[in-house]
Amino acid sequence: MKHMFVAEYKNCRIRPVLHRDIEFFRVWRNNTSLSKYLTPIGEITPQMQEEWFNKNQADTDIVTFSVDETRDYNRVVGSASLYNFSGHTAEVGKTIIGDDEARGKSLGFYSELMTVYVGFVKLQLEEIIAHIHEDNIASMKRAKRLGYTIIDKYLLSSGGFECKLMTTKKQFINNHPDLSEIRIFEIS
C-alpha cells in the first residue's frame, strides 16, 4: 500500500518505496543467491517490475519499505515488508539487503527491527509472524536476535523445513530496550 512511514535508527532508514527504487529491487530479486529462500517466480522483466510497483502501491494488504544506508553509502540498499494483515496480526518478510557493499553491516536487523516497530506502533498490530526456511541462517539468526519464537515447522515440497515464528508486541518491546532510539515519522 502506498504509505508515508519513515523510521531511522543508527545508520539505517526505512521509507516508502519510490519509483526510482524498483530497478534495484528487480536486480536483487533476480539474483538467485539473494532470492533462493523467496517464492520462486522466475526472471523479472522491467515491465513485470513496473506492474509489481503499481500493484504494490494499491494493495492494502502490504506495506513495503525501501531500506537506505545513511552514513557510508547514502543510498537504497534493500527492502522489507509487512503483509498478510489479519485483524491485529501481520507477517514480516521479504527483508533483503541486496547491495553487495551494504551486506554484513546489521542493516537487515535494523530494517526489520524498524519495520516490526512501525507495525506495532503505527499499525496497531499485536502479533507479527515470520516464515523462514531453516537453512536461511542469516534470517534465522536475525529472527532470534529480534526475539521471535518458533511456533511451528513445516516440511516443504521443495525440500527442507520452513519455520513459523512469532513475536507479540509485549514480547518485542520487552526484548528491545533501545526502541526509544528509533525515530518514526510520517512524510507528506
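Okay, so let's go over this structure.

About the thresholds
- Residues numbered from 1 in each chain as written.
- Predicted model: local features only at pLDDT ≥ 70, side-chain atom pairs only at ≥ 80, totals over all residues.
- Heavy atoms only, no water.
- Helix = DSSP H or I, 4+ residues; strand = E, 2+ residues; numbered from the N terminus.
- Rg over C-alpha atoms; globule rule 2.2 N^0.38 Å.
- Buried < 20%, exposed > 50% of the residue type's maximum accessible area, 1.4 Å probe, protein only.
- Contact = heavy atoms within 4.5 Å.
- Areas by Shrake-Rupley, 256 points an atom, 1.4 Å probe, with all protein chains shown as cover.
- Pairing = 2+ DSSP bridges.
- Right-handed = clockwise from strand over helix to strand, strands pointing away.
- Salt bridge = Lys/Arg side-chain N within 4 Å of Asp/Glu carboxyl O.

### Here's the deal with the overall build of the protein
Phase 1: Summing up its helical and strand segments, the protein has 6 helices and 9 strands in all.
Phase 2: Taking 2.2 N^0.38 as the reference for a compact globule, 188 residues should give roughly 16 Å; the C-alpha atoms of the protein span a radius of gyration of 16 Å, in line with that estimate.
Phase 3: Counting only C-alpha atoms, the protein reaches 45 × 40 × 35 Å along its principal axes.
Phase 4: In the protein, buried positions account for 45% of the 188 residues.
Phase 5: The long-range fraction of contacts in the protein, counting pairs at least 24 apart against all pairs at least 6 apart in sequence, stands at 61%.
Phase 6: Here the protein displays about 9900 Å² of accessible surface, and carbon together with sulfur accounts for 51% of that area.

### Concerning the pairing of strand S6 (residues 127–133)
Phase 1: When you tally the buried positions in S6, you get 5 out of 7 residues, the bulk of the element.
Phase 2: Across 3 bridges, the pairing between strand S5 (residues 89–97) and S6 is parallel. Across the sheet, Ala 90 pairs through a bridge with Ile 128, a residue of S6.
Phase 3: Of the crossover connections in this fold, the one passing from S5 over helix H4 (residues 107–121) to the parallel S6 is right-handed.
Phase 4: Bridge analysis of S6 against strand S8 (residues 161–168) gives 7 bridges, and the strand direction is antiparallel. Paired with His 131 across the bridge in S8 is Lys 164.

### Brief notes about the pattern of salt bridges
Phase 1: With the rule as written, the count across this model stands at 13 salt bridges.
Phase 2: Of the charged contacts in the structure, one is a salt bridge between Arg 15 and Asp 21, with a shortest N-O distance of 2.8 Å.
Phase 3: When the shortest N-O distance is used, the salt bridge between Arg 75 and Glu 101 registers 2.4 Å. In this pair, Arg 75 sits in strand S4 (residues 75–86) while Glu 101 sits in the loop between S5 and H4, placing the two residues 26 residues apart along the sequence.
Phase 4: Here Arg 75 falls in the partly exposed class, since its relative accessible area comes to 31%.
Phase 5: For Glu 101, a relative accessible area of 47% corresponds to the partly exposed category.

### Overview of the environment of Leu 107
Phase 1: Following the sequence through the fold, Leu 107 ends up in helix H4.
Phase 2: A relative accessible area of 1% means that Leu 107 is categorised as buried.
Phase 3: Put simply, Leu 107 and Val 118 are 11 residues apart on the chain and 16 Å apart in space, counted from C-alpha to C-alpha.
Phase 4: Excluding residues that lie within four positions of it along the chain, Leu 107 makes contacts with Asn 11, Cys 12, Glu 69, Val 77, Ile 97 and Ala 102.

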